[in-house]
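One-letter residues, chain by chain:
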Amino acid sequence: MQEREQWRSGLGFALAAAGSAVGLGNLWGFAYRSSQGGGLAFLILYVLVVLVVCLPVLVAEMVLGRSTASSPFLAPIKAAGENWKPLGWLFAIASCGILSYYAVIMGWTIDTFFHSLFIGLPSDMTEAGEFFGKISSGNSVFVGQIISLLLTAFVVVAGVRGGIEKLTKWAMPFLFGLLLLLAIWAATLSGAWEGYTSFLLKWDSSQLFDKNTISNAFKQAFFSLSLGIGIMVAYSSYLNRKNHLPKEALRVATLDTAVGLLAGLITFPVVMSFGLKDVISESTVGTLFIALPTGFANLGLLGRLIAAVFFGLAFIAAITSSISLMEVPVSSLMDRLNWSRKKAVWTSTLVIFLIGIPSAISTDFLGKSDAICNTLLILGGLLISILLGWIVPNRYDEDLANSNANLRVRRYLKFMLRWVSPPVIAIGLYLTVLSTIE
Ligand code: PHE
C-alpha cells in the first residue's frame, strides 16, 4: 500500500476545492441560465438550493472522504459495505464523462485565446456564427482537447502537493482579482445598467415556480459546486482531522457563487452594449464563445487584449476543475488496484480522450453528454445524503465533532441532511430528468 499524501496546508485544500468548483460552468452557466427567463428568480432559487440543500451534502461528501481516507471508489464501500459499490461506479463514470467533454470546451477556450491575440475576433453576428463553427469543428478541436488533457495529466501526475496544491494556490487569487477588474471595467460600458436589469435583476415572480427555472437552479448548483461526483471525497481524503468542514464548505460555496456573479457582471454589460442580446439565450456555450468574443472585438485592439485576458483566465479556471475531475478515477485506480499515480494518470487520460471523441466531433453529442452527466451529479448528491444522513449517520456526527464544529451548526446540518436534502433533491432530480427528456 502506498503512503497517502496530505495537503501541505488547510488553505491548500480550501483553494483546491474552490478551484474545482470555479470553472467554465460559472462563466457560461450563470449568464446563460439567468438569461433563460429566470433572472432574479433563478438567482434566488440557486442561492436557496445551495444553502438549504447543497451545503449539508457538500459537508457530507467531505466527511465521507476524510473519515474513510479512501478514494471515491472505495469510500462508500468502506463506510457502508459492498451494497454501496454502485455509488463508487457512479462517481467514476460521471467524472470521466464530464472530463471527456469538458476537455473539448477547454480546447475551444485555447483556440479563442489565440484568435484574440493573433488572428482576430468576429465583429458582427454573421461572422460570430462562422467563428464558433470554426473553433468547434475540424482537427483543431482535437488539438485543443489533447493539449487540455495533457496539461491536466501533467498537474495530476505531479501529485496532490506538488501539482494540484501548487497550481491552485496561485491560480485562484489571480483569477479572482482579474475577474473583479474585468467586472469593474464592464460596469463602465454604456449598456451596463441595461445589461444588469434585463438579465440578472429581471423580476418575474412566476419564474420562482417554473419547472425549468427550478431544474436550472439544481443543475447549476450541483455542476458549479462539483457536487455529487466524488471530488470532495477525493480531496478530503488527503485532509487531517483539524479542518472545520462546515466552514470549508461555506467558503467554497461563497467563492463559487461570487465568481458566477462576477461572470454575469462581465457578460451582461458586454452583451448589451454591443447588441448581442439574442445570442445569449440561444445556446449554453453561445454566451461564452459567440457573444463575448464579438462584444470584445467591437472595442478594437484593446478589446482583443481584454478578450485574451478573459479567455486565458477561463482556461486557468477550467484546468483547476479538470484536475479535480481526473483525480477521481486516478485516486480510485491507485486505491483499488494499487497502481502507481503515473500509470493511473496516463491510463485515465487515454480512456477519457477516447470517450471524448464523439463530443469533439459533434456539439450536439456534447450537449447531450452534459445533460446526462448533470443528472448523474444530482443523483450522486441524493445518494450521498441518504448514505450519510440515514445509513451511517454516526460517521457524520463523529467526524464533525472531532473537528470541533459548533454543536448548533452540527445539529442544523444533520437535520437538513436527513430531512430536507433527500426529498428536495429527489424533486430536483425528477424535474431535471423531465426537462432533459422533453
Ligand atoms: N464545477 C466546475 C465548473 O463549474 C465543473 C465541474 C463539475 C468540475 C463537476 C468537477 C465536477 O466548471
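Within each chain, residues carry numbers counting from 1 in the order of the written sequence. Thresholds applied to this predicted model are a pLDDT of at least 70 for local features of residues and 80 or more for the giving and counting of side-chain atom pairs; totals over whole chains, interfaces and linings are not thresholded and use all residues.

Time to look at the overall build of the protein chain. Looking only at helices and strands, the protein chain has 18 helices and zero strands in total. Over its C-alpha trace the protein chain gives a radius of gyration of 21 Å, about what one expects of a compact globule, namely 22 Å for 438 residues. Here the C-alpha coordinates of the protein chain stretch approximately 60 × 50 × 40 Å along the principal axes. For the exposure call, what matters is how many other C-beta atoms sit within 10 Å of a residue's own: 20 or more marks it buried, 12 or fewer exposed, and in between partly exposed, using C-beta atoms placed from the backbone. Taken over 438 residues, the protein chain has a buried fraction of 58%. Nonlocal contacts in the protein chain, meaning residues at least 24 apart in sequence, comprise 86% of its contacts between residues at least 6 apart. The numbering of helices and of strands both runs from the N terminus, where a helix is a DSSP run of H or I of at least 4 residues and a strand a run of E of at least 2. Throughout, the radius of gyration refers to the C-alpha atoms, and the reference size of a globule is 2.2 Å times the residue count to the power 0.38. Contact between two residues is assigned whenever their backbone-derived C-beta positions fall within 7 Å.

Nonpolar side chains in soluble globular proteins generally cluster together in the buried interior. Note on definitions: a nonpolar core is a set of buried residues drawn from Ala, Val, Leu, Ile, Met, Phe, Trp, Tyr and Cys, linked by C-beta atoms within 7 Å. Grouped together as the largest cluster of nonpolar side chains are 151 residues, with contacts concentrated most on Cys 54 and Leu 58. Ranked by the residues each element gives to this core, the list is headed by helix H2 (residues 24-68), at 23 residues. Residues contacting Leu 58, with those up to four places away along its chain left out, are Leu 225, Leu 227, Met 232, Ala 249, Val 252 and Ala 253.

On to helix H6 (residues 139-157). Taking 1.5 Å as the rise per residue, H6 with 19 residues should run 27 Å; its terminal C-alpha atoms sit 27 Å apart, in good agreement. Listing the buried residues of H6 in full gives Val 141, Gly 144, Gln 145, Ser 148, Leu 149, Thr 152, Ala 153, Val 155 and Val 156. Axial view of H6: buried residues confined to an arc of 165°, hence all on one face. When the buried face of H6 is taken as reference, the exposed residues oriented beyond 90 degrees from it are Asn 139 and Leu 150. Buried residues belonging to H6 abut helix H4 (85-119), helix H7 (160-187), helix H14 (300-337) and helix H15 (341-361). The span you would expect from a helix comes to 1.5 Å times its residue count less one. The arc in question is formed by the directions pointing from the helix axis toward the C-beta atoms.

Each residue receives a C-beta atom placed from its backbone. It is near a molecule or strand if this atom lies within 6 Å of it. Not every one of the 15 residues close to the ligand is listed here, only the nearest: Gly 23, Gly 25, Ser 224, Ser 226 and Ser 321. Broken down by secondary-structure element, the contributors of at least two residues to the shell around the ligand are helix H1 (10-21), H2, helix H9 (211-224) and H14.

Below, the discussion takes up the environment of Phe 222. Mapped onto the fold, Phe 222 is located in helix H9. On the neighbour-count criterion, Phe 222 (30 C-beta atoms within 10 Å) is buried. Considering only alpha carbons, one finds Phe 222 and Thr 257, 35 residues apart in sequence, at a separation of 12 Å. Leave out the neighbours within four places in its chain, and Phe 222 touches Leu 227, Gly 228, Asn 374, Leu 377, Ile 378 and Gly 381.

Contact geometry of H4 with helix H16 (residues 363-391) gives a least axis separation of 9 Å together with a crossing angle of 150°. Relative to H16, the element H4 is oriented roughly antiparallel. Crossing geometry of H4 relative to H16 is assigned as left-handed. From H4, Leu 87, Leu 90, Phe 91, Ala 94, Gly 97, Ile 98, Tyr 101 and Val 104 reach across to H16, where they touch Leu 366, Ser 369, Asp 370, Cys 373, Leu 376, Leu 377, Leu 379, Gly 380 and Leu 383. Of the residues belonging to the contact of H4 with H16, the class tally is 13 nonpolar, three polar and one charged. A fitted line through C-alpha atoms serves as each axis, taken over the contacting stretch for helices, and the angle formed by two N-to-C directions is quoted from 0 to 180°. By the definition adopted for this analysis, an angle is roughly parallel if under 35 degrees, roughly antiparallel if over 145, roughly perpendicular if from 65 to 115, and oblique otherwise. Two helices crossing with the near one rotated counterclockwise from the far one by less than a right angle form a left-handed crossing, whereas a clockwise rotation gives a right-handed crossing. Note on residue categories: nonpolar means Ala, Val, Leu, Ile, Met, Phe, Trp, Tyr, Cys or Pro, charged means Asp, Glu, Lys or Arg, and polar means any other residue, Gly included.

Right, let's talk about H1 for a bit. When the terminal C-alpha atoms of H1 are compared, their 17 Å separation across 12 residues agrees well with the 16 Å that a helix rising 1.5 Å per residue should span. The buried fraction of H1 is high, at 10 of 12 residues. All buried positions along H1 are accounted for by Gly 12, Phe 13, Ala 14, Leu 15, Ala 16, Ala 17, Ala 18, Gly 19, Ser 20 and Ala 21. Packing partners of the buried residues in H1 comprise H7, H9, helix H10 (231-236), helix H11 (245-273) and H14.

So, about the confidence of the model for the protein chain. Here pLDDT means the predictor's own confidence in every residue, given as a number from 0 to 100. On average, residues of the protein chain score 91 in pLDDT, and 98% of them reach the 70 mark or higher. Scoring of the predicted complex yields 0.95 for pTM and 0.98 for ipTM.

Excluding glycine, residues mostly carry a negative phi; peptide bonds, for their part, are mostly trans. You will see that Ala 69, though not glycine, has its phi angle at about 45°, which is positive. Structurally, the position occupied by Ala 69 is in the loop between H2 and helix H3 (75-80). Accessibility expressed as a C-beta count within 10 Å gives 17 for Ala 69, which makes it partly exposed. Located in the positive-phi region is Asn 338, a residue other than glycine, with phi close to 60°.

This part covers the environment of Pro 293. Of note, Pro 293 is situated in helix H13 (residues 286-297). Each C-alpha atom of the pair Pro 293 and Ser 123 lies 8.5 Å from the other, and the pair is 170 residues apart in sequence. Those residues within four positions of Pro 293 in sequence are excluded, and the remaining contacts are Thr 112, Leu 121, Pro 122, Phe 131 and Ala 307.

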